[in-house]
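Listed below are the residues making up each chain.
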Amino acid sequence: QIQEIATKAKEGILERLDAGEIVIGDGGFVFALEKRGYVKAGPWTPEATVEHPEAGASIVGVNCHFDPDTSLATVKLMKEGLQAAKLKAHLMSQPLAFHTPDCGKQGFIDLPEFPFGLEPRIVTRWDIQKYARKAYDLGIRYIGGCCGFEPYHIRAIAEELAPERGFLPEASEKHGSWGDSLSMHTKPWVRARARKEYWENLKPASGRPYCPSMSKPDGWGVTKGARELMQQREATSEQQLKELFQKQKF
C-alpha cells in the first residue's frame, strides 16, 4: 500500500512538472538512483547524473546535508552534465535550512553543532526567498527544503514565486510582503524597514559574544569502510563511549 501511494505521488508530481508547474516540496521525497543500485555513495555531480541514463531518472537533484548555496551550485553541475550528455530531466533541490559554508564532504553531520546546536545557523525567510529565485532562474522546478525548514520557509518560497505560479499561499494573509506591514509600527526606525531592499541586504548578527562565524568540522579522518562507521545491533557500551569521548576535542 505504501509503495502504491508513493508511485501515485511520483506520477502526480511528474505530471505537474511536465505541465510546466512549479512544485514546492518539503521533506525527503526524493527519487534516488542509489536506491535502484545505479549509483554508490561517493560519485555525484555531473558524473552520477549521466552515468546511467538507462536508469530512467525523471527528476535529478540534491537533498539534505548542505545549505541552499552549495545545493544550487551542485545542481548547476548536474544540469551541465545533463546538457553535455544531451539528456533531459526535471531538476530538484531540497537543501538544509542551515548555513553550512564550513562543513566537509559529509555535510552538516560533521559540524560540531550537529544535531542539537544548529539553531544559530538557521537561514532567514529572506535567505529562502533569494534561494527560491536563484533556483527558478537555474531551471529548477521542484523547489523545496529538508532538515531545518519551517512552515515560514516554505511560505517564503511560495511568496517569491507567486508571480510565476499565479497565486499567493493562504498564509500570506497573515503578514505583508517583504515586511511592508511594518509601515504602521510605532518606532520610525522600524517603519524604515518596511521595504524589500532592507531585508534583502540585511546581514543578521547572532547576538552571541565571542562565538566564531564558522566551526571546524569533525570527521576524524573516518571514511567509508572504517570500523567506526560500522553499524552494530547492540547498544554502544560504556567503554566504547569512553574511547569516543577521549577523541572529542573542544
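Bear in mind that the values here come from a model prediction, so they are computed numbers and not experimental data. (Residues numbered from 1 in each chain as written. Predicted model: local features only at pLDDT ≥ 70, side-chain atom pairs only at ≥ 80, totals over all residues. Heavy atoms only, no water.)

**Student:** How would you summarise the overall build of the chain if you had to cite specific residues and measurements?
**Tutor:** Each helix and strand counted, the chain has nine helices and four strands in total. With 250 residues in all, the chain has 32% of them scored as buried. Considering only contacts within the chain whose residues lie at least 6 apart along the sequence, 67% involve residues at least 24 apart. When the accessible surface of the chain is totalled, it reaches about 16400 Å², and 55% of it is carbon and sulfur. (Helix = DSSP H or I, 4+ residues; strand = E, 2+ residues; numbered from the N terminus. Buried < 20%, exposed > 50% of the residue type's maximum accessible area, 1.4 Å probe, protein only. Contact = heavy atoms within 4.5 Å. Areas by Shrake-Rupley, 256 points an atom, 1.4 Å probe, with all protein chains shown as cover.)

**Student:** Could you give me a rundown of the UniProt feature "binding site: Zn(2+)" (unreviewed entry) in the chain, with the residues and numbers involved?
**Tutor:** Residues given the UniProt feature "binding site: Zn(2+)" (unreviewed entry) here are C64, C146 and C147. The annotated residues occupy 84 residues of the chain but converge on a single region, no pair of C-alpha atoms lying more than 6.5 Å apart. Within the secondary structure layout, C64 lies in the loop between strand 2 (59–63) and helix 3 (68–84). Contacts of C64, omitting those with residues within four sequence positions, involve Q94, P95, L96, F108, C146 and C147. With respect to the secondary-structure elements, C147 resides in the loop between strand 4 (142–145) and helix 5 (151–160). Given the relative accessible area of 31%, C147 is considered partly exposed. Not counting chain neighbours up to four residues away, the residues in contact with C147 comprise C64, L96, A97, F98 and F108. (UniProt positions renumbered as here; feature names shortened; annotations may be inferred.)

**Student:** Just give me the short version of the pairing of strand 2, but keep the residues and values in it.
**Tutor:** Look at any regular strand and the pattern is simple: side chains alternate between the two faces of the sheet. Pairing geometry for strand 2 and strand 3 (residues 90–94), over five bridges, is parallel. By the bridge assignment for strand 3, V62 is matched with S93. With respect to chirality, the unit in which strand 2 leads through helix 3 into the neighbouring parallel strand 3 is right-handed. (Pairing = 2+ DSSP bridges. Right-handed = clockwise from strand over helix to strand, strands pointing away.)

**Student:** Tell me about the packing of helix 3 against helix 4 (residues 125–138), and name the residues and values.
**Tutor:** Interaxial distance between helix 3 and helix 4 falls to 11 Å at its minimum, and their mutual angle equals 5°. By the angle between their axes, helix 3 is roughly parallel relative to helix 4. Along its contact with helix 3, which presents P68, D69, L72, V75, K76 and K79, the element helix 4 presents I128, Y131, K134, A135 and L138. Here the residues of the contact of helix 3 with helix 4 sort into seven nonpolar, no polar and four charged. (Axes fitted to C-alpha atoms, helices over the stretch in contact; angles between N-to-C directions. Parallel < 35°, antiparallel > 145°, perpendicular 65-115°, else oblique. Nonpolar A, V, L, I, M, F, W, Y, C, P; charged D, E, K, R; others polar.)

**Student:** How would you summarise the packing of aromatic side chains if you had to cite specific residues and measurements?
**Tutor:** Counted according to the given criterion, the structure contains five aromatic pairs. Between W126 and W178, the aromatic rings sit 4.9 Å apart at their centres with planes inclined by 20°, giving stacked as the arrangement. With W126 in helix 4 and W178 in the loop between helix 6 (162–165) and helix 7 (188–191), the pair connects residues that are 52 residues apart, well separated along the chain. Summarising the burial analysis for this pair, W126 and W178 share the class buried. Pairing Y198 with W199 gives two aromatic rings, centres 4.8 Å apart and planes at 85°, and the pair type is edge-to-face. Note on Y198: relative accessible area 25%, which makes it partly exposed. (Phe/Tyr/Trp six-rings, centres within 6.5 Å; stacked < 30°, edge-to-face > 60°.)

**Student:** So, the pairing of strand 3: which residues are in play, and what are the values?
**Tutor:** Burial analysis of strand 3 places five of its five residues in the buried class, the great majority of the element. Neither face of strand 3 is exposed, since H90, M92 and Q94 on one face and L91 and S93 on the opposite face are all buried. Two elements, strand 3 and strand 4, share two bridges in a ladder whose sense is parallel. Within strand 4, the position partnered with M92 by the bridge is Y142. The parallel pair strand 3 and strand 4, bridged by helix 4, forms a crossover whose chirality is right-handed.

**Student:** Explain the pattern of salt bridges residue by residue, including any values.
**Tutor:** By the definition in use, this model includes seven salt bridges. Two residues, K134 and D69, come together in a salt bridge whose shortest N-O distance is 4.0 Å. Of this pair, K134 sits in helix 4 while D69 sits in helix 3, and the two are 65 residues apart along the sequence. With a relative accessible area of 48%, K134 lands in the partly exposed category. Overall, D69 belongs to the exposed group, its relative accessible area being 52%. Among the ionic pairs, E160 bridges to R133, the shortest N-O distance being 2.9 Å. On the criterion of sequence distance, the pair formed by E160 in helix 5 and R133 in helix 4 is long-range, its members being 27 residues apart. Note on E160: relative accessible area 12%, which makes it buried. (Salt bridge = Lys/Arg side-chain N within 4 Å of Asp/Glu carboxyl O.)

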